[in-house]
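The residues making up each chain are set out below.
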Amino acid sequence: MQLRILGCSGGIGGANRTTSFLINDSILIDAGTGVGDLSFSALTRIEHVFITHSHLDHIACLPMLVDTIMGSRNAPITVYATETTLNVLKKHIFNWAIWPDFNKIPNAKAPFMRYSLLELGQSCCIDQCTITAIPAVHTVPAVGYKLDSGKSAVIFSGDSVCNTEFWDIVNSTENLSHLIIETAFSNREYELANAAKHFCPLTLLEQLKFLNRPAQVLVTHLKPADSELTMQEILRDHSNISISRLEQNQIITF
Ligand SMILES: Nc1ncnc2c1ncn2[C@@H]1O[C@@H]2COP(=O)(O)O[C@H]2[C@H]1O
């Protein structure tokens, strides 16, 4: 199974694309601006979109994805998220003002897009990949995802400062191969990181002390202003962890 990183930046500009990961051809984890680089035919193969939370950098391409492929698929595209996140999408995005309600187009019985509730702790198995919503702590209700092929598992923190339950799940995942974890800001933005409920290297490395499995740690969601500095601070101060920057277009086999 392949996880392709379409975007993993905390912002835009130049080659930066915001969070979106593609599993094989058909499953998206978040729909940030990285989705926009896919070819039209690759877009039409997307069937399932799992959303971590409602922030724009994680959903920016969802409305245009649905509009672009609507006439080219026989089945609706399914958007999975928690109830709160689905309600935000319904009320604030697919509300006819920001974007048409593709859950009612061409008609409510056979729409181009349907919603599927996936609550915290729930799993969904698609094409032999089990996707489980795991706890996240952010400024809006959020989840991370565990992606398990059976052979190995990748855990994605989403936008989150971690909590005990998160580490319990990470540490009890016996086949864990990769942990994708966010660090948006450098240490000089310590206060902003705390206010925005993101990690900076200081808080990330404190939390990584709870990791007791030999997984490859991949850092995501670096804000462009300080991305180099943030990685330097992580690499300078970490100890005994296999840690590197998650790269756009990286392919993780799991
Ligand atoms: N007080 C704040 N709380 C939350 N986000 C903030 C705040 N001030 C600035 N931001 C920015 O708003 C962004 C919203 O998306 P992010 O969570 O990726 O990152 C957040 C920060 O970069």
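Residues numbered from 1 in each chain as written. Predicted model: local features only at pLDDT ≥ 70, side-chain atom pairs only at ≥ 80, totals over all residues. Heavy atoms only, no water.

### Structural notes on the packing of helix α7 (residues 201-208) against helix α8 (residues 227-237)
In step 1: Two elements in contact, α7 and α8, have axes whose closest approach is 9 Å; the angle formed by their N-to-C orientations is 40 degrees. Classified by the interaxial angle, the pair formed by α7 and α8 is oblique. In this structure, the crossing between α7 and α8 has a hand that is right-handed. In this structure, α7 contributes Pro201, Leu204 and Leu205 to the contact, and α8 contributes Thr230, Glu233, Ile234 and Asp237. (Axes fitted to C-alpha atoms, helices over the stretch in contact; angles between N-to-C directions. Helix = DSSP H or I, 4+ residues; strand = E, 2+ residues; numbered from the N terminus. Parallel < 35°, antiparallel > 145°, perpendicular 65-115°, else oblique. Left-handed = near helix turned anticlockwise from the far one by under 90°. Contact = heavy atoms within 4.5 Å.)

### Description of the UniProt feature "domain: Metallo-beta-lactamase" (unreviewed entry) in the protein
In step 1: Within the UniProt annotation, "domain: Metallo-beta-lactamase" (unreviewed entry) is assigned to residues 17-188.
In step 2: Measuring from the first to the last C-alpha atom of residues 17-188 gives 23 Å, for a span that is 21% helix and 28% strand. (UniProt positions renumbered as here; feature names shortened; annotations may be inferred.)

### Topic: unusual backbone geometry
Trans is the prevailing form of peptide bonds, just as negative phi is the prevailing case for residues other than glycine.
In step 1: Residue Ile105 is joined to Pro106 through a cis peptide bond whose omega torsion reads 0 degrees.
In step 2: Mapped onto the secondary structure, Pro106 falls in the loop between α4 (83-93) and β6 (113-117).
In step 3: One non-glycine residue, Asn24, lies in the positive phi region at around 50 degrees.
In step 4: Of note, Asn24 is situated in the loop between β2 (20-23) and β3 (27-29).
In step 5: Exposure remark for Asn24: the relative accessible area of 34% places this residue in the partly exposed category.
In step 6: Within the chain, Trp96 stands out as a residue other than glycine whose phi angle is a positive 75 degrees.
In step 7: Residue placement: Trp96 occurs in the loop between α4 and β6. (Buried < 20%, exposed > 50% of the residue type's maximum accessible area, 1.4 Å probe, protein only.)

### Concerning the pairing of strand β9 (residues 143-148)
In step 1: By the criterion of burial, β9 is predominantly enclosed, with six of the six residues buried.
In step 2: Burial of β9 is two-sided: the residues Val143, Tyr145 and Leu147 facing one way and the residues Gly144, Lys146 and Asp148 facing the other way are all buried.
In step 3: By the bridge criterion, six bridges tie strand β8 (residues 129-135) to β9 in an arrangement that is antiparallel. Residue pairing across strands places Ile134 opposite Gly144, the latter belonging to β9.
In step 4: In the sheet, β9 pairs with strand β10 (residues 153-156) via four bridges, with the strands oriented antiparallel. For Lys146, the partnering residue across the bridge sits in β10 and is Ile155.
In step 5: The turn joining β9 and β10, which pair antiparallel and follow one another in sequence, is formed by four residues; a positive phi near 100 degrees is taken by Gly150. (Pairing = 2+ DSSP bridges.)

### Quick notes on the pairing of strand β1 (residues 2-7)
In step 1: By the bridge criterion, three bridges tie β1 to strand β14 (residues 251-253) in an arrangement that is antiparallel. Following the sheet pairing, Gln2 is matched in β14 by Thr253.
In step 2: Where β1 lies against β2, four bridges are found, and the strand directions are antiparallel. Bridging across to β2, Arg4 finds its partner in Leu22.

### Digging into the pattern of salt bridges
In step 1: Tallied over the full model, the rule gives seven salt bridges.
In step 2: With its nearest N and O atoms 3.1 Å apart, the salt bridge here joins Lys104 to Asp101.
In step 3: In this structure Lys104 comes out as partly exposed when scored by relative accessible area, which is 46%.
In step 4: Here Arg245 ties to Glu228 by a salt bridge, and the two come within 3.6 Å at their closest N and O atoms. Placement of Arg245 in strand β13 (residues 243-245) and of Glu228 in helix α8 is noted, with a sequence separation of 17 residues between them.
In step 5: Classification of Arg245 by relative accessible area gives partly exposed; the value is 25%. (Salt bridge = Lys/Arg side-chain N within 4 Å of Asp/Glu carboxyl O.)

### A few points about the sheet that holds β3
In step 1: The strand order across the open sheet formed by seven strands is β6-β5-β4-β3-β2-β1-β14, and the pairing between neighbours is mixed. Only two strands of the sheet have a single neighbouring strand rather than two, namely β6 and β14. This sheet shows a mean twist of 25 degrees between the axes of neighbouring strands, independent of strand direction.
In step 2: Examined bridge by bridge, β3 and strand β4 (residues 48-50) share three bridges and lie parallel to one another. Paired with Ile29 across the bridge in β4 is Phe50.
In step 3: Strands β3, β4, β5 (77-81) and β6 of the sheet are contacted by helix α3 (residues 62-69), whose axis makes an angle of about 160 degrees with β5.
In step 4: Along the sheet, α4 makes contact with β5 and β6, crossing β6 at roughly 155 degrees.

### Side note on the nonpolar core
For soluble globular proteins, nonpolar side chains are generally found buried alongside one another.
In step 1: If you look at the biggest cluster of nonpolar residues, it comprises 28 residues, and the most contacted ones within it are Leu28, Val35, Ile46, Val49, Leu62, Leu65 and Leu89.
In step 2: Put simply, the parts of the chain that give this core at least two residues each are α1 (40-44), α3, β5, α4 and β6.
In step 3: Beyond its immediate chain neighbours, meaning those up to four positions away, Val49 contacts Leu28, Ala31, Leu62, Leu65, Ile77, Thr78, Val79 and Tyr80. (Core = buried A, V, L, I, M, F, W, Y, C linked by side-chain atoms within 4.5 Å.)

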